[in-house]
Amino acid sequence: MPTAGLAVAGSAAESATNDAVAAEGPRDVADGQDPDDESAVEPAPVLTTPTLGEVLLAIEELWPSSLAESWDAVGPVVGRPERPVRRIMFAVDPTLEVIADAVSRGTDLLVTHHPLLLKSVNSVAATGFKGEAVHLLIESGCALVTAHTNADSALGGVSDVLADILGVTDTKPLAPSSAGLPEEGIGRVGMLPEPMLLQEFASRVFSALPSVAGGVRVAGERAGIVQKVAVCGGAGDSLFDAVRDSEADVYVTADLRHHPASEAREASLNGKPYLIDVSHFASEWLWLPSAADALVNVLHDLGHSVEAEVSKINSDPWDFILTP
């Protein structure tokens, strides 16, 4: 499975330099140098460790909660706003394995795409796996934040990253958000630079995704020509009407159920849109490295230093597949 390396804001060398400058105090102005000369080089600012509250402001800037669907549950799940955050981990799912791994690595904040508590609960007792997850996070001092459909809709979000990796350009939302910019919303549709055979494009999709048991399923003629591409990271069979209206040649998404997929094929025009069904986990994992880099960069711009990494745990629920 593709993995993202550790993203670090700032460097040890910069920190040492800043410490040395602070210890020495102001230096004498060189002979002939104007002390008011604005072009004089100033030492780089010292970056500070942010609190969880400050990180939440950066997350809100990147993936505004206003972009979340009405049924969704996004934002902080556990964590004290005043606690310092030095190390952040990104993952698709807040499974017990992911949480335990994050804790073992000294993570202060776990950011997951999928919510831990999407549906209402009456208890978080540690007798169940969700309660155990909550207890493990709190007892270990690890905060949890969800960026779900807000990260799907936002610029640079899940579907933007998926489209970009597949070489799809000039994108626009399949379902524009009423609360965001014109470029924001669920799903994306755009163009490939050149037409491709469906089989070739499906191979590109397969090669781009992390390895999971389910593989990639394709509905359509192998020699069919595709250029206009619709994508939706995660489950996207609710967008079939928008996909048809966009006149896309092929639709890449996850979790296509039998009846919606069958009806989409029956309603197709000359066999299009073709369908490419991928792993839910895999389609959303691609966003994680980009998200980690984006958060580090925003925090750096705000004067903060953090480490961010992507979980290496494969939380796809399937272990193997049998084929004819």
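Overview of the structure. Note that the structure is a prediction, hence the values are computed from the model and not measured.

### Thoughts on the nonpolar core
- Judged by nonpolar contacts, the single largest core of 57 residues is most densely connected at Trp-63, Ile-88, Leu-109, Phe-201 and Leu-295.
- By residue number, the principal contributor to this core is helix α11 (residues 287–301), which donates 8 residues.
- In this structure Leu-109 touches Leu-52, Val-55, Ile-59, Val-85, Arg-87, Ile-88, Met-89, Cys-142, Ala-143, Leu-144 and Val-145, once residues within four positions along its chain are discounted.
- The next biggest cluster of nonpolar side chains, apart from the first, holds 15 residues, and it includes Val-189, Tyr-251, Ala-261 and Ala-264.

### Here's the deal with the environment of Ser-70
- With respect to the helices and strands, Ser-70 occurs in the loop between α2 (52–62) and β2 (75–78).
- Each C-alpha atom of the pair Ser-70 and Thr-149 lies 9.5 Å from the other, and the pair is 79 residues apart in sequence.

### Here's the deal with helix α6 (residues 158–165)
- Taken across its 8 residues, α6 has 6 buried, putting it largely inside the fold.
- For α6, every residue scored as buried is listed here: Val-158, Ser-159, Asp-160, Val-161, Leu-162 and Ala-163.
- Buried residues along α6 sit against α5 (149–153), β6 (169–176), β7 (185–197), β9 (225–235), α10 (280–285) and α11.
- Positive phi shows up at Gly-167, right after α6, with a value of about 80°.

### Concerning the sheet that holds β7
- If you trace the 6 strands from one edge of the open sheet to the other, you get β6-β7-β9-β10-β11-β8, paired in mixed fashion. Looking at the sheet topology across the chains shown, the edges are occupied by β6 and β8 (217–219). Taking each pair of neighbouring strands and ignoring which way they run, the sheet shows an average axis angle of 25°.
- In this structure, β7 lies alongside β9, joined through 6 bridges in antiparallel fashion. Bridged to Arg-188 within β9 is Val-231.
- Its contacts with the sheet put helix α7 (residues 198–208) on β7, β8, β9, β10 (250–254) and β11 (274–278), and the angle it makes with β7 is roughly 125°.

### Here's the deal with the packing of aromatic side chains
- For the coordinates displayed, the defined rule picks out 4 aromatic pairs.
- Between Trp-63 and Trp-287 the ring centres are 5.4 Å apart and the planes differ by 70°, which places this aromatic pair in the edge-to-face class. Taken together, the residues span a long stretch of sequence, with Trp-63 in the loop between α2 and β2 and Trp-287 in helix α11 at a distance of 224 residues. Just as Trp-63 is buried, Trp-287 falls in that class too.
- Put simply, the rings of Trp-63, Phe-90 and Trp-287 touch in pairs and so form one group of aromatic residues.

### Re the pattern of salt bridges
- The final tally for this structure, using the stated rule, is 8 salt bridges.
- Note that Arg-257 and Asp-237 form a salt bridge whose closest N and O atoms lie 2.8 Å from each other. One end of the pair, Arg-257, is in the loop between β10 and α9 (258–266); the other, Asp-237, is in the loop between β9 and α8 (240–246), with 20 residues separating them in the sequence.
- Classification of Asp-237 by relative accessible area gives buried; the value is 13%.
- For Lys-272, the salt bridge identified is with Asp-249, shortest N-O distance 3.3 Å. Of this pair, Lys-272 sits in the loop between α9 and β11 while Asp-249 is found in the loop between α8 and β10, placing the two residues 23 residues apart along the sequence.
- Connected via shared salt-bridge partners are Arg-87, Glu-307 and Glu-309.

The rules we used
Residues numbered from 1 in each chain as written. Predicted model: local features only at pLDDT ≥ 70, side-chain atom pairs only at ≥ 80, totals over all residues. Heavy atoms only, no water. Core = buried A, V, L, I, M, F, W, Y, C linked by side-chain atoms within 4.5 Å. Buried < 20%, exposed > 50% of the residue type's maximum accessible area, 1.4 Å probe, protein only. Helix = DSSP H or I, 4+ residues; strand = E, 2+ residues; numbered from the N terminus. Contact = heavy atoms within 4.5 Å. Pairing = 2+ DSSP bridges. Axes fitted to C-alpha atoms, helices over the stretch in contact; angles between N-to-C directions. Phe/Tyr/Trp six-rings, centres within 6.5 Å; stacked < 30°, edge-to-face > 60°. Salt bridge = Lys/Arg side-chain N within 4 Å of Asp/Glu carboxyl O.

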